[in-house]
Amino acid sequence: MSLKEEEQQLVADALKGVPYAWESLVRRYEGRVYNFGLRLTGNETDAMDLMQEVFMGVYKNLHRFRSESMFSTWLFRIAHNKAVDLARKSKSGLTRSLSDMEGEDAVPDNEAMIAPAQEQPVERLMQKQANAQVRALLSALSFESRVIVELKVFQSYTFDDIAELQGLSPNTVKTRFYSAIRKLKKLLESDYEL
Amino acid sequence: MSCERTSEIVASFFDDALAPVQRQANEAHVSSCAHCRVQLADARLVQARLASYKEEAVPNWSRSAVLAKEKPKTNWRDWLGAWQWAPLACSFLLALGVVFNVEISSSDSGFVVAFGQSSGVSQQELDQRIQKLSASLERQQGDVQLQMLETVVENVMRQYDENSSRNLEQVIEYFDLQRQQDLQLLQSSYQQLADSDYETIRSVQQLASYVQYQGLE
């Protein structure tokens, strides 16, 4: 049974109310969705809220899933829409830039992440810091540019797919992506030595 | 120093699904364009930094909490699977119809659904409707009769040949003659009656003269 068929079966079982099927689907994608939220929101609380919103939306609309498309594609379309909704509602979270965070730790939630440092291996701590730095970099971008970078770099979407999702032309998406890359490069060279 | 192709070149660098031919064309362009070369080097640095991100573990959370909050809607295939409830639903509707004495009737303006007693149409309104209906029926019958008569005459005319037409003319002439004779007879009768009246008047005049004469004597 292929991955697609397996997921179709899980969706069908989840629709029948089989708890195991739903939990299997969630476990498959919760990591990707959580980290998607983490990179877009820059903090764990909002990432958790977004993830729960996404799976709530998925569960509510499970009957609308058509087997022609991949479940992951369909799920991330919902995730994208939920993130956009969240950004509209919460100006403080998803649209926060580095300039907004001046006076705070340049690496959001860094201290919270490394708090139980004594209990964590050094490699794990370093990885947490690296992740936090990437999140800080992404936070400098506008929400629209951040989403494009997220979908292209981390979710491996094609520019055509991103363009369709955002209702833009592929050339516009490429231009915005290039602008985002330039800004990130400048940030790397600037005072925020990450 | 700038190049109009830079955004496309940098974007293509992140495009894993780029066709080999396109990739070679881009590389050829980059080798000859200093601006694109610098920008592409910057993009590689950014990509390397972004690639350092490793997925973090999801904190503990209740995956089934969603199930308690929301119920997934059934799709139309499942809905169709509930057809076995249809007879029961129909029976229930029929029972409701009997209990509430539902009456459905049709009229010129459409269907009328009434509950309880029959609809409140008065006897006068009923009579008016019947009269209207009768008049309409009579008109229709009159039209039908006229059409039938015209049809019969046309058929008779078609059936008769030229000789028959002559015979018919003779019959008409005969009837004309008879009518003239009747008129003459009627005229002579009036003349006789007039003559008779004239004689009566003369007799009365004679009688009056005689009486007058006797009186003078």
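Residue numbers restart at each chain and count upward from 1, following the sequence in its written direction. Chains and ligands are labelled by the order in which they are written, letters from A for the one and numbers from 1 for the other. Reporting of local features is limited, given that this is a predicted model, to residues whose pLDDT is at least 70; pairs of side-chain atoms are given and counted only at 80 or more, and all residues count toward the totals for whole chains, interfaces and linings. Based on all heavy atoms of the structure, the side-chain values leave hydrogens and waters out of the count.

Overview of the overall build of chain B
Next, step 1: Of the regular secondary structure elements, chain B holds 8 helices and 2 strands.
Next, step 2: Strands are runs of DSSP state E lasting at least 2 residues, helices are runs of H or I lasting at least 4, and numbering of each runs from the N terminus. Starting at the N terminus and walking to the C terminus, you meet the elements of chain B as α-α-α-α-α-α-β-β-α-α.
Next, step 3: Between two residues, a contact is recorded if the distance between any of their heavy atoms is within 4.5 Å. The contacts of chain B with a sequence gap of at least 6 include a subset with a gap of at least 24, amounting to 39%.

Let's talk about the pattern of salt bridges
Residue and element names in this part refer to chain A.
Next, step 1: By definition, a salt bridge exists where a carboxyl oxygen of Asp or Glu is found within 4 Å of a side-chain nitrogen of Lys or Arg. The final tally for this structure, using the stated rule, is 15 salt bridges over all chains.
Next, step 2: Across the pair Glu-164 and Arg-77 runs a salt bridge, and its minimum N-O distance is 3.7 Å. Here Glu-164 is found in helix α8 (residues 159–166), whereas its partner Arg-77 is found in helix α4 (residues 71–89), with 87 residues between them in sequence.
Next, step 3: Judged by relative accessible area, which is 56%, Glu-164 ranks as exposed.
Next, step 4: Measuring nitrogen to oxygen at the nearest pair gives 3.8 Å for the salt bridge that ties Asp-85 to Arg-88. Residue Asp-85 and its partner Arg-88 are located together in helix α4, separated by 3 residues, close to a single helical turn.
Next, step 5: A 1.4 Å probe rolled over the protein chains alone gives each residue an accessible area, and that area as a share of the maximum for its type sets the label: buried under 20%, exposed over 50%, partly exposed in between. By relative accessible area, which is 34% here, Asp-85 ends up partly exposed.
Next, step 6: Each member of the salt-bridge network shares a partner with another, and the members are Glu-6, Glu-7 and Arg-28.

Thoughts on the confidence of the model for chain B
Residue and element names in this part refer to chain B.
Next, step 1: Within a predicted model, pLDDT stands for the predictor's per-residue confidence, ranging from 0 to 100. Confidence in the prediction of chain B, expressed as mean pLDDT, is 81, and 83% of residues score 70 or more.
Next, step 2: The secondary-structure element of chain B with the lowest mean pLDDT is helix α5 (residues 76–80), recorded at 58, while helix α3 (residues 34–51) shows the highest, at 94.
Next, step 3: For this predicted complex, the interface confidence comes out at an ipTM of 0.81, alongside a pTM of 0.59.

What to know about helix α3 (residues 44–60) of chain A
Next, step 1: Multiplying 1.5 Å by the residue count of a helix minus one yields the expected span of that helix. Relative to the 24 Å expected for 17 residues at 1.5 Å per residue, α3(A) spans 24 Å between its end C-alpha atoms, a close match to the ideal helical length.
Next, step 2: You can read the cap of α3(A) off the contacts: a side-chain oxygen lies 3.3 Å from the backbone nitrogen of Thr45(A), and it is on Asn43(A). We call two N or O atoms a polar contact when they sit within 3.5 Å, provided that within protein one can donate a hydrogen and the other can accept it, with sequence-adjacent residues counted only if both atoms are side-chain atoms.

Focus on the nonpolar core
Next, step 1: What we call a nonpolar core is a set of buried Ala, Val, Leu, Ile, Met, Phe, Trp, Tyr and Cys residues that are connected through their side-chain atoms within 4.5 Å. Membership of the largest hydrophobic core comes to 75 residues, with the highest contact counts inside it found for Trp22(A), Phe55(A), Val58(A), Leu62(A), Phe71(A) and Leu75(A).
Next, step 2: Residues in contact with Phe71(A), not counting those within four places in the same chain, are Glu7(A), Val11(A), Leu25(A), Tyr29(A), Val58(A), Leu62(A) and Phe65(A).

Describing the interface of chain B and chain A
Interface size is commonly expressed as the accessible surface area that is lost when the partners come together.
Next, step 1: At the junction of the two partners, chain B supplies 33 residues and chain A supplies 48 residues.
Next, step 2: A 1.4 Å probe defines the accessible area here, and the buried area is the portion of it lost by two parts on being joined, summed over both. For the chain B face of the interface with chain A, the top three residues by lost area are Tyr53(B), Glu56(B) and Arg63(B), together amounting to 19%.
Next, step 3: Summed over the shared surface of chain B and chain A, the result is 5 salt bridges.
Next, step 4: Between the two partners, chain B and chain A, sit 11 residue pairs in polar contact (both at pLDDT 80 or more).
Next, step 5: If you list the elements that add at least two residues to the side of chain B that touches chain A, you get α1 (6–13), α3 and α4 (65–69) of chain B.
Next, step 6: Residue contributions to the side of chain B that touches chain A peak at 8 residues, all from α3(B).
Next, step 7: Only Asp, Glu, Lys and Arg are considered charged, only Ala, Val, Leu, Ile, Met, Phe, Trp, Tyr, Cys and Pro nonpolar, and every remaining residue, Gly among them, polar. Counted by class, the side of chain B that touches chain A contains 15 nonpolar, 7 polar and 11 charged residues.

Let's talk about the packing of α1(B) against α3(B)
Residues and elements named next belong to chain B.
Next, step 1: Note on geometry: axes are C-alpha line fits, over the in-contact stretch for helices, and angles between N-to-C directions span 0 to 180 degrees. Running from amino to carboxyl end, α1 crosses α3 at an angle of 35 degrees, the nearest separation of the two axes being 10 Å. Of the two possible hands of crossing, α1 and α3 adopt the one that is right-handed. Across the interface between the two elements, Thr-6, Ile-9, Val-10 and Phe-13 of α1 pack against His-35, Cys-36, Gln-39, Leu-40, Ala-43, Arg-44 and Gln-47 of α3.
Next, step 2: In terms of residue class, the contact of α1 with α3 is made up of 6 nonpolar, 4 polar and 1 charged. Note: crossing handedness is left-handed where the near helix turns anticlockwise from the far helix by less than a right angle, and right-handed where it turns clockwise.

Points about the confidence of the model for chain A
Next, step 1: Taken as a whole, chain A shows an average pLDDT of 83; of its residues, 82% reach a score of 70 or greater.
Next, step 2: The low-confidence segment residues 95–117 of chain A, where pLDDT is below 50, has 48 contacts with residues more than four positions distant or belonging to other chains.

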